[in-house]
Amino acid sequence: MSPIHTLPVELLTTIFQLGVDSEPIPDERIRGIHTFEVLVSHVCKFWRQVAIHTPHLWTTVHFRTLAHMSRGGVYLTRNAHLPIDIYIDTCSEEDYQNRKDLLFRKQFLPVFDVVLPQIHRWRELHLIVADLECKAFAREVLSTCGSAPILRTLQLWHVQNWQTSERLFNHIGPPPVVVFDGSLPSLKHIILQGVNLPWSRSPFLRNLTTVEFALHSDNVRMPFPLWRDMLNGSPNLIRLSLLFSGPRASPSGASPLPDGIEWWGAAPPPPDAPPPPGAAPLPPSTDPVQLLQLREVQLTNLEADYLIALFRTLHAPHVRALELALDFDDQDFTPFVEFLAAPPLPPAAAGAGAGPSSRADPGPPSRAKFPALERLSVSALKCSLPSWRALLAASPRLTRLEADFGQLSAGAFEVLL
């Protein structure tokens, strides 16, 4: 008998569990490669019996091809009680013409027939659609499925080749629907790409630790007061990622006060400046949202003025990692980089500290927006060399710099020498 067969079942089970936990998530796996749980269940009869009776191995249910539909039912049978992570990856019409085994319109609702009876066990839902008809099916399912009481991660992607930002902006779809009856009491991670929600009727957008929004034209973005409520209600937010998305920029005209970041994040006027006749009250720009647990920020394809207005409304002094991919219509991002290096002090703070103090002066605090920055990744950024130099100088804790200097301003690399 081979020595491997002398291992106790408990030890072999633990090894199998460690193996499946080390697997990449389905979105990151190489296509066509068998998963760990399938491989170990096909080694020998003994291993197969151990694997089949280890529910932990069958908690991730991935649907991408027709064969995955029957496989999903098998996984749910082998794991009848533990929470499940569901990945549903449907294809575009073009891809379906090339591969008829991929999931497309006819298979969309039958896939959910497999998993909906287990909605009380859903821990994660990752749903990708690349077709407007499939998106309509998704709206139908998620608006009628009821609450998912233990769902922690909701990832909804509409992957459409809009070709230009103008086509994305001008696309008029049906109004968004309330998903999960507005009840996701355990939600911690929300990732929306090309999918918007009825923001005022989504009370589960709080107590979050991850917010990733992508590809939202301004007319469907979250009004700033609701954005502010979401962040204030998520004091333990760790990661914030925005790709051509974020709170609304321009006012919608649907509320008495402006609801766009252009107003809320505007630079405060001098204290003695009289307000223009008929002007709206000043926004609370001196009262930024406190995100003291925020550690990671990723910004992609947003305008410089928008970014400055946005981060005027946030206080996140403990950010450790910053990713910038700012290649937006050949804009010069010098003002935003200067803002990160030394954001202007609020008027009250600018005049403080002139008198004597009974305490020992600890020295001026760092003026940088992210004074604790340790990792900086830049894949695209056009800015002046003095502003680039100032950003690096304002990051004394920086230990890792990743930069595509071909996409940075000429001379950016020489600043490091």
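Let me begin by describing the structure that accompanies this report. (Residues numbered from 1 in each chain as written. Predicted model: local features only at pLDDT ≥ 70, side-chain atom pairs only at ≥ 80, totals over all residues. Heavy atoms only, no water.)

The next thing to look at is the pairing of strand S13 (residues 400-403). In this structure, strand S12 (residues 375-380) lies alongside S13, joined through 4 bridges in parallel fashion. Residue pairing for S13: Ser377 is matched across the bridge by Glu402. Remark: the S12/helix H14 (residues 385-393)/S13 crossover connection has right-handed handedness. (Pairing = 2+ DSSP bridges. Helix = DSSP H or I, 4+ residues; strand = E, 2+ residues; numbered from the N terminus. Right-handed = clockwise from strand over helix to strand, strands pointing away.)

Time to look at empty space enclosed by the protein. Overall, the coordinates contain 3 cavities of 30 Å³ or more when judged by the stated rule. Size it by volume and the largest cavity reaches roughly 40 Å³. Around the largest cavity sit Leu340, Ala341, Ala368, Lys369, Phe370, Leu373, Leu391, Ala394 and Ser395, which together line it. Classifying every residue of the lining of the largest cavity gives 7 nonpolar, 1 polar and 1 charged. (1 Å grid on protein atoms, 1.4 Å probe; cavity = no way out; pocket = protein on both sides within 12 Å on 5 of 7 lines; lining within 4 Å. Points joined across faces, edges and corners; volume = space filled by probe spheres on them. Nonpolar A, V, L, I, M, F, W, Y, C, P; charged D, E, K, R; others polar.)

A few words now on the sheet that holds strand S3 (residues 122-129). Spatial strand order, S1-S2-S3-S4-S5-S6-S7-S9-S11-S12-S13: 11 strands in an open sheet with parallel pairing. In this open sheet, the two strands that pair with only one neighbour each are strand S1 (60-63) and S13. Sheet twist, expressed as the mean angle between neighbouring strand axes with direction ignored, is 5°. Sheet topology places strand S7 (residues 239-243) next to strand S9 (residues 296-300); 5 bridges connect them, and they run parallel. Within S9, the residue paired with Leu243 across the bridge is Thr300. (Axes fitted to C-alpha atoms, helices over the stretch in contact; angles between N-to-C directions.)

This part covers the packing of aromatic side chains. Two measures describe an aromatic ring pair: the distance that separates the ring centres and the angle between the ring planes. This structure, assessed with the given rule, holds 12 aromatic pairs. Measuring from ring centre to ring centre gives 4.9 Å for Trp58 and Tyr75, while their planes differ by 85°; the resulting arrangement is edge-to-face. Taken together, the residues Trp58 in the loop between helix H3 (45-52) and S1 and Tyr75 in helix H4 (residues 67-78) connect sequence positions 17 residues apart. Judged by relative accessible area, Tyr75 falls into the buried class, the value being 3%. Ring centres of Trp199 and Phe213 lie 5.7 Å apart, and the angle between their planes is 40°; this geometry places the pair in the tilted category. With Trp199 in the loop between strand S5 (189-193) and strand S6 (210-214) and Phe213 in strand S6, the pair connects residues that are 14 residues apart, well separated along the chain. (Phe/Tyr/Trp six-rings, centres within 6.5 Å; stacked < 30°, edge-to-face > 60°. Buried < 20%, exposed > 50% of the residue type's maximum accessible area, 1.4 Å probe, protein only.)

This next bit is on the pattern of salt bridges. Where charged atoms from two side chains of opposite charge approach closely, those side chains can pair. Inspection of the entire model under this criterion finds 12 salt bridges. Of the charged contacts, one joins Glu374 and Arg320 as a salt bridge, the two residues approaching to 3.6 Å between their closest N and O atoms. With a gap of 54 residues between them, Glu374 in the loop between helix H13 (347-350) and S12 and Arg320 in the loop between strand S10 (314-315) and strand S11 (321-325) connect regions that are remote in the sequence. Arg320 sits in the partly exposed class, given a relative accessible area of 23%. One connected set of salt bridges, linked through shared partners, spans Glu93, Arg105, Asp131 and Glu133. (Salt bridge = Lys/Arg side-chain N within 4 Å of Asp/Glu carboxyl O.)

So, about the nonpolar core. Ranked by size, the top nonpolar core spans 106 residues in total, and within it Phe180 and Phe336 carry the most contacts. Ranked by residues supplied to this core, first place goes to helix H11 (residues 304-312) with 7 residues. If sequence neighbours within four positions are ignored, Phe336 has contacts with Leu299, Ala304, Leu307, Ile308, Phe311, Leu324 and Leu326. (Core = buried A, V, L, I, M, F, W, Y, C linked by side-chain atoms within 4.5 Å. Contact = heavy atoms within 4.5 Å.)

By the secondary structure assignment, Gln155 is in strand S4 (residues 153-158). Look at Gln155 and you get buried, because its relative accessible area is 11%. Engagement of the side chain of Gln155 in a polar contact is seen with the side chain of His126, the distance being 3.2 Å. (Polar contact = N/O pair within 3.5 Å; in protein donor to acceptor, adjacent residues only side chain to side chain.)

On the surface, a nonpolar cluster with roughly 390 Å² of combined accessible area is contributed by Leu401, Phe413, Leu416 and Leu417. Mapped onto the elements of the fold, Phe413 is located in the segment after S13. (Patch = residues over 30% accessible without salt bridge, like charges linked within 9 Å, V, L, I, M, F, W, Y side chains within 5 Å. Areas by Shrake-Rupley, 256 points an atom, 1.4 Å probe, with all protein chains shown as cover.)

This next bit is on the environment of Glu212. Examined against the element boundaries, Glu212 turns out to sit in strand S6. Residue Glu212 is classed as partly exposed on the basis of its relative accessible area, which comes to 22%. Between the C-alpha atoms of Glu212 and His189, which are 23 residues apart in sequence, the distance is 8.3 Å. Ignoring any residue separated from it by four or fewer positions in sequence, one finds Glu212 in contact with Ile190, Ile191, Leu192, Arg239 and Ser241. Among the polar contacts made by the side chain of Glu212, one reaches the side chain of Arg239 at a distance of 2.9 Å.

Once that is clear, we can look at helix H9 (residues 224-232). All of the buried residues along H9 are Phe224, Trp227, Arg228, Met230 and Leu231. The buried residues of H9 occupy an angular sector of 160° when the element is viewed end-on, so they sit on one face. (Arc of directions from axis to C-beta.)

Summarising burial for S7: 4 of the 5 residues are buried, a large majority. Summarising the sheet, S6 and S7 pair through 5 bridges and their orientation is parallel. Note on S7: the bridge partner recorded for Glu212 is Ser241. Handedness of the crossover joining S6 and S7 through H9 is recorded here as right-handed.

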